[in-house]
Every structure is written in structure tokens, then in C-alpha cells.
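# Residue-level structural notes
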Amino acid sequence: MRTNPVRITFQPIGTRVDVSAGSTVLEAGREAGLILVANCGGNGLCGRCRVTVLGANVPEPTDAEIHALSQEEIKAGQRLACRARLHGDAGVYLPRTTLGSQQRLQLEGSAQGISVDRGDEVIARAAAGKCPLGVAVDIGCTKIAAYLLDLESGDHLAACGIANPQISYGEDLISRLVFARRGKQQAQELARCVRAAISELINTLTKHAEVDPDQVADLCVVGNTAMTHLFLELPVDGLLAAPFVPATTSAVDTRASDVGIELPNDVWLHVLPGIGAFVGADHVAMILANGLHNCSHVALGIDIGTNTEIVLFRPDQGLLLTTSCPAGPTFEGGHIRHGMRAAPGAIERIEFRPGGLALKTIGDQPPVGMCGSGVIDAVALLLHTGVIDYRGHLQVGKAGVRRGAAGNEYLLIEAKDTGHGKDIVITQQDISEVQLAKAAVAAGIRTLLKVSNTRDEEVGELVLAGAFGSYLDLDSSIAIGLLPGFPNATFLQAGNAAGTGAKMALVSSRMRVRAGQIARRAVRIELKQQENFNRELAHATRFPAEKVKQT
């Protein structure tokens, strides 16, 4: 029974929830089943979970809110969802930048083809006269994607995705792992919300395909090592401190009901193996999907995200090297003044034309911020026009450069042309964040090339996987030094390759065996243990000098 319950109404979606008096808006949102963006895990540090409290019961601003918000915003009722405690009935307006469930989700990916090979093992009971179905799931940091397949033919029947509800507990992996380590209740809470999301996705898939849930006979799950640990409620202590040893990297087979996924039939659930603490089952699935373990040329595969995984394959040496680098949330709009996830109104493409800037926003909505691909385009534009130099410094005196509250900034879009009536700018700090993030990825690539004695000219293929890689402009990414401009390589933007690998393993026991072979064969390279890595990282923070407009 709740003590002194208060009713909170979330607008503009109209969701209502009763919570105990003194609950934060973030806690109320979780109780209502909403996914509110909380980059710092609700610790009042990032200032990104902005909401407007409506009515007479607007709480007094905390120190964190006074620091993050202007006086005008505070007077208008704006607060931080993680700090504002509600002691009376209230309405709460959720802007698009805070309501994480509206983000665009990348579901499909390219692959070598999916063939059925189920073997003769009994995995579940199927209803007479009905074909058995399977569900493949990719648990990502920001989204969960699920796919329904016919286990007899391999036909793809339906796909859907939702934002990972764990976002409310922290945008980055470390925040979630720290939360889970606090105790059994917290670990169960994180596991329960993901399991509930998967159950919801299965129901949605079967409805879309107009099939009965009792036809689902098998599940296959992938995710990075942290995601699979949280999903299975495995101990996470080893992922939080050196030498970073996961509880397991082996494949896991268990009953779906044992992890809280209830289906009419008690079916088996298979989790693909991982490689290490920060190179998980999703990376194995990506390698499997694109054949990066057995191609005839030197190939690189990169899944750019909060934690970026990289694989390099040299067929002449039979060498399969993998590594990971913590790029942070910059490529998903995090730590950027006007950054946001890929939701309606996010600028995803910027081009410089003689008449001015040409912008493309998600949903063709008035711009309210920039998602990752837009941020990369924006920095590439500033580099191309000489507004920043190779060190990333904004050049005072250049058109658009001005002094802002936190230092120099570049006016990208005037308030009259935005969806919220405020200027959209790129700050000096934003540029620094991009430099740090792109340097992590670039240094990771360079390190694998050096370890394997691979020259740029030898690389025949570069596969970009994941949502960010799907929408990234290749010219912009090469211009800022995020990706090398390999002269002889074919660039493939593969979409959700991890999801494709999960589908392959779902319908084929042979692919599950191959996934295990990949995981055992891969050699994990610890970047910080490599000689001169820090020097490589420092060098990579600079932009390519030849890309800077000479003035």
C-alpha cells in the first residue's frame, strides 16, 4: 500500500500513475512504464532529463536544477526528472528529447543469407497442424529488437523494436552495472524490466503475424556482455574493475520460464557466447552475419556506439582480432549541448550548399536538436569551412562564432527556425566531446592494424554495423578522422547485423556451433596494454589537417 499517494499525469501522452508522495518524476515515469532519458542514471549530473511540472504543486528547485537550468526555465516550471520530488497531484509535460520511447530504431541488417538447419533435437512441443516459430532478440544498450521466424522455412514473419527500458537507470553501461551491484533487488529490477520488454515484443510479433503464441518453440538472444549479464542476473562485479573478467562468456541454454519470459509452451532460450568483458554475443553475431571470420580479403567490422566493438580478419594469417573502446554516448547525442537520440525533430543530416545549410530532420519535424549523425555532419561542416582548426578550436571572428554562457559557440540554427523557439548551437565543449569519442574509435582501429601489421591499402572491406553506422555519412566520418579513408576498401553499412546473426543462430544449429568457434578463435586485444596506445589516442583527437579549409 502506498503512503500518501499522489496522482501524476504525463502529457502529452495522457498516461496517469499513482505514486507515493515524495517520489521523483523519474521514479513516477518508471512506475508508469515510461522510458525517460536519464543519461547519468538519475544522479542529477547530466541535466538532460528536463520536464515541465504543471499545476500548483511545482517543487522548489534543487541545487542541481539551479545549476542546470536558467532562471526563466525554472520560473516556467522546468525541472529535472531525477531531482524533482512531487508531494501533490501534478501534471508533467515530457518534451520529445526526454521521452526515450519515441526514438527511431534500426531493425534490419544485411547478411549472407539465412538457411534452416535444426537438427533432430526436441526443443519444444508444437501444436498439431501449426508450424513452429522462433524469436531472435538483440538486447542493445538503447534498444531491443526482436524478430519472428518460421523455424521450418526460415521465413521472416515480423520485426519490431522498443527502447531499452534500462535507459531510465542510466544511459551508459557502467551506471546500470553499478545499480545492479547495489543488491539483489536492484539486479532483479534491471532484469525484470528487460524480460518484460521481451515478453511484450513477443506478443506484438505474434499479433502482427496473426499467429498463436503457442507456436513459439525457440528463442535466441544476443547482446553485449553487460546486457546479457543483466538479463540473466549474473554477477556483474567482474565487469566493473580490472582485470574485467565476466561471470561467463560461454553460450547459455535455459528455459525461458526460468528467466521470467512466460509463453504457453515452456521453450528453450539460447544466448550466444561472448568473447570478453566488453566484446559480447552481439559482436559474435555481427561477425557471423557478415562472414567476417572466413572472407577472402582483409576485413574490418565496426559497431560504433557507447561501447564500440571492432574486429579485424586477415585470411593469409587466419587472424581474427577483436577489441572494444569506450566511445561514450556522444554518437547517440549524449554530452552534446543540443544533442538527442534519433527521435522526431532530431537533425540527422547537414549539408552546406551555396544558399546556406540544408538540414534533414527525423520525421521532417522542425529541428529541436541533433542526433549522432547530425553531430558528425555539423563538425565536418565546421572543419570544411574553417570555422574550427585541426585542434578543434572555434575561430573567433568567423561568421556564426559567438560568445555563449559556457564559452565560445557556433550558431547553427536561429531560434525562429527551431521547433522549440531556442537557438541550436555547437559549443566548444561539444567539439571536444566529438574529438574524444572519435579518437577512441580511430585509435582502436589503428591499434588493430598495427598489431596485425596491416597497411591501409590491404583492407578490402569495412563493415559498419548498428543504428549509428547505418545513418552515418561516410564522407563526414572520414573528414573528421573517425574512420580511415581506406583507398581499396568497399564500405558496407550493414544495419542491425547483430540481429541478423541472432536470426541465423535461431534457425540453424550449425550457426550456433559456428558462433562458438568464432568466440573461441577470436583474440581479444586490450588497447591500454598496447605500447604507444596513449600516444595514438592523443594523436587521434586532432582532426586531419588536410581536411581543414586553409584561410
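No experiment lies behind these values; they were computed from the predicted model shown. (Residues numbered from 1 in each chain as written. Predicted model: local features only at pLDDT ≥ 70, side-chain atom pairs only at ≥ 80, totals over all residues. Heavy atoms only, no water.)

Our next topic: the pattern of salt bridges. Here the idea is simple: oppositely charged side chains can pair when their charged atoms come close. Taken as a whole, this structure holds 22 salt bridges when the rule is applied. Between Arg7 and Asp18 there is a salt bridge, with the nearest N and O atoms lying 2.9 Å from each other. Here Arg7, found in strand S1 (residues 5-11), pairs with Asp18, found in strand S2 (residues 15-20); they are 11 residues apart in sequence, far enough to count as distant. The salt bridge involving Arg118 is made with Asp218; its shortest N-O contact spans 2.8 Å. Placement of the pair is Arg118 in the loop between strand S7 (90-93) and strand S8 (133-139) and Asp218 in strand S11 (residues 216-223), with a sequence separation of 100 residues. Linked by salt bridges that have partners in common, Arg314, Asp316, Arg455, Glu457 and Glu458 make up one network. (Salt bridge = Lys/Arg side-chain N within 4 Å of Asp/Glu carboxyl O. Helix = DSSP H or I, 4+ residues; strand = E, 2+ residues; numbered from the N terminus.)

Turning our eyes to something else, we now look at the pairing of strand S20 (residues 401-404). Summarising the sheet, S20 and strand S21 (residues 407-413) pair through 4 bridges and their orientation is antiparallel. Of the residues in S21, the one forming a bridge with Gly404 is Gly407. The hairpin formed by S20 and S21 contains 2 residues between the paired strands. (Pairing = 2+ DSSP bridges.)

So, about empty space enclosed by the protein. As enumerated under the stated definition, the model contains 4 cavities of 30 Å³ or more in all. Put simply, the second largest cavity is a space of about 110 Å³. Around the second largest cavity, the lining comprises 16 residues; the ones closest to its centre are Thr228, Thr248, Ser250, Leu272 and Gly274. Considering every element that reaches the lining of the second largest cavity, the biggest residue donor is helix H6 (residues 225-232), with 4 residues. (1 Å grid on protein atoms, 1.4 Å probe; cavity = no way out; pocket = protein on both sides within 12 Å on 5 of 7 lines; lining within 4 Å. Points joined across faces, edges and corners; volume = space filled by probe spheres on them.)

This paragraph deals with the sheet that holds S7. The strand order across the open sheet formed by 5 strands is S2-S1-S7-S4-S5, and the pairing between neighbours is mixed. The strands lining the two open edges of the sheet, one partner per strand, are S2 and strand S5 (78-80). When the angles between neighbouring strand axes are averaged without regard to direction, this sheet yields 35°. Judged from the 4 bridges that link them, S1 and S7 form a sheet pairing that is parallel. (Axes fitted to C-alpha atoms, helices over the stretch in contact; angles between N-to-C directions.)

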